[in-house]
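If you want the building blocks of each chain, they are given just below.
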Amino acid sequence: MKASERIEEALEVLWECLMEDSSPQMEAENQLSQKLEISLDQLEQEGLVERSAETIQFTPAGKKEAERAIRRHRLSERLCYDIIETDQVDMEEAACQVEHIVKNGNEEKICRLLGHPETCPHGKPIPPGDCCRKAREAKERFVVPLTSLKPGEAGTIAYIKAGDSKKLQKLMVMGVLPGNAIELNANFPSFVFSVDYSQYAVDADMAAAIIVKRG
């Protein structure tokens, strides 16, 4: 791994520790030393973090770089999981390789391809980019799992994220096909939706496989 890539990986770990963990300070240095073979001294010398006796925090430049790195990583996870259909076991390693290729603004192209996703496959937030903000201003449709819709909300099926052929075939028999209109009728105790003038009830796992363009 190149030195610049080790720094990016370190910034991603720090982002999760400092921005998303409820008790970050004690964990950050341990995780870095165990996982990345890079010290906080180096990040401090690069002007990316600041330390006092008891706290670690990003510098403004470090926070910006860390946000970009975590965004590329989580978009890469979505690309591997949703489009390439890499299983979760291999997804992390594949995403780590892909994220270092999608620099120089290419992440915006991937973000648009994925419909400006708001979360990674683990459910963690993807920091929005300029393309996401522009899409919201233009009221561009966002792509989300059917489970994210509210009862009564409708959209268009974007694609099916089926991990196995049996699930895919079952959904296709229901008329769950890209381009078809779909409406979520209820989300408890099961997910009930209408498509092609018919109504079906499925469990949360099956509903999460249906990716919908809102609106």
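In the annotation of an unreviewed UniProt entry, the entry for the protein reads DtxR family iron dependent repressor, and the organism field reads Syntrophotalea acetylenivorans. The record held by UniProt for the protein lists under Subcellular location (unreviewed entry) the comment "Cytoplasm".

### Quick look at the nonpolar core
Inside soluble globular proteins, nonpolar side chains tend to come together where they are buried. Ranked by size, the top nonpolar core spans 19 residues in total, and within it Leu146, Leu171, Val176, Ile182, Phe193, Val202 and Ile210 carry the most contacts. Within the residue set of this core, elements represented by two or more residues are β4 (154-160), β5 (181-186), β6 (191-195), α9 (204-208) and β8 (210-214). With 3 residues, the single largest contributor to this core is β6.

### Quick notes on the packing of helix α4 (residues 60-83) against helix α6 (residues 106-114)
At their nearest, the axes of α4 and α6 sit 10 Å apart, and the two run at 45° to each other. Considering their axes alone, α4 and α6 lie oblique with respect to each other. Here α4 runs over α6; the crossing is left-handed. Here Arg71, Arg72, Leu75, Arg78, Leu79 and Ile83 of α4 come into contact with α6, specifically with Glu107, Glu108, Ile110, Cys111, Leu113 and Leu114. Of the residues belonging to the contact of α4 with α6, the class tally is 7 nonpolar, no polar and 5 charged.

### With respect to the packing of aromatic side chains
According to the stated counting rule, one finds 2 aromatic pairs in the structure shown. A centroid spacing of 6.4 Å and a plane angle of 35° characterise the contact between tryptophan 15 and phenylalanine 58, whose relative ring orientation is tilted. You can see tryptophan 15 sitting in helix α1 (residues 3-20) and its partner phenylalanine 58 sitting in strand β2 (residues 56-58), a full 43 residues away along the chain. The exposure classification of tryptophan 15 matches that of phenylalanine 58, with both residues buried. Seen in terms of ring centroids, phenylalanine 193 and tyrosine 200 are 5.8 Å apart; in terms of plane orientation they differ by 40°. Their pairing is tilted. Residue class for tyrosine 200 comes out partly exposed when judged on its relative accessible area of 24%.

The rules we used
- Residues numbered from 1 in each chain as written.
- Predicted model: local features only at pLDDT ≥ 70, side-chain atom pairs only at ≥ 80, totals over all residues.
- Heavy atoms only, no water.
- UniProt positions renumbered as here; feature names shortened; annotations may be inferred.
- Core = buried A, V, L, I, M, F, W, Y, C linked by side-chain atoms within 4.5 Å.
- Buried < 20%, exposed > 50% of the residue type's maximum accessible area, 1.4 Å probe, protein only.
- Helix = DSSP H or I, 4+ residues; strand = E, 2+ residues; numbered from the N terminus.
- Axes fitted to C-alpha atoms, helices over the stretch in contact; angles between N-to-C directions.
- Parallel < 35°, antiparallel > 145°, perpendicular 65-115°, else oblique.
- Left-handed = near helix turned anticlockwise from the far one by under 90°.
- Contact = heavy atoms within 4.5 Å.
- Nonpolar A, V, L, I, M, F, W, Y, C, P; charged D, E, K, R; others polar.
- Phe/Tyr/Trp six-rings, centres within 6.5 Å; stacked < 30°, edge-to-face > 60°.

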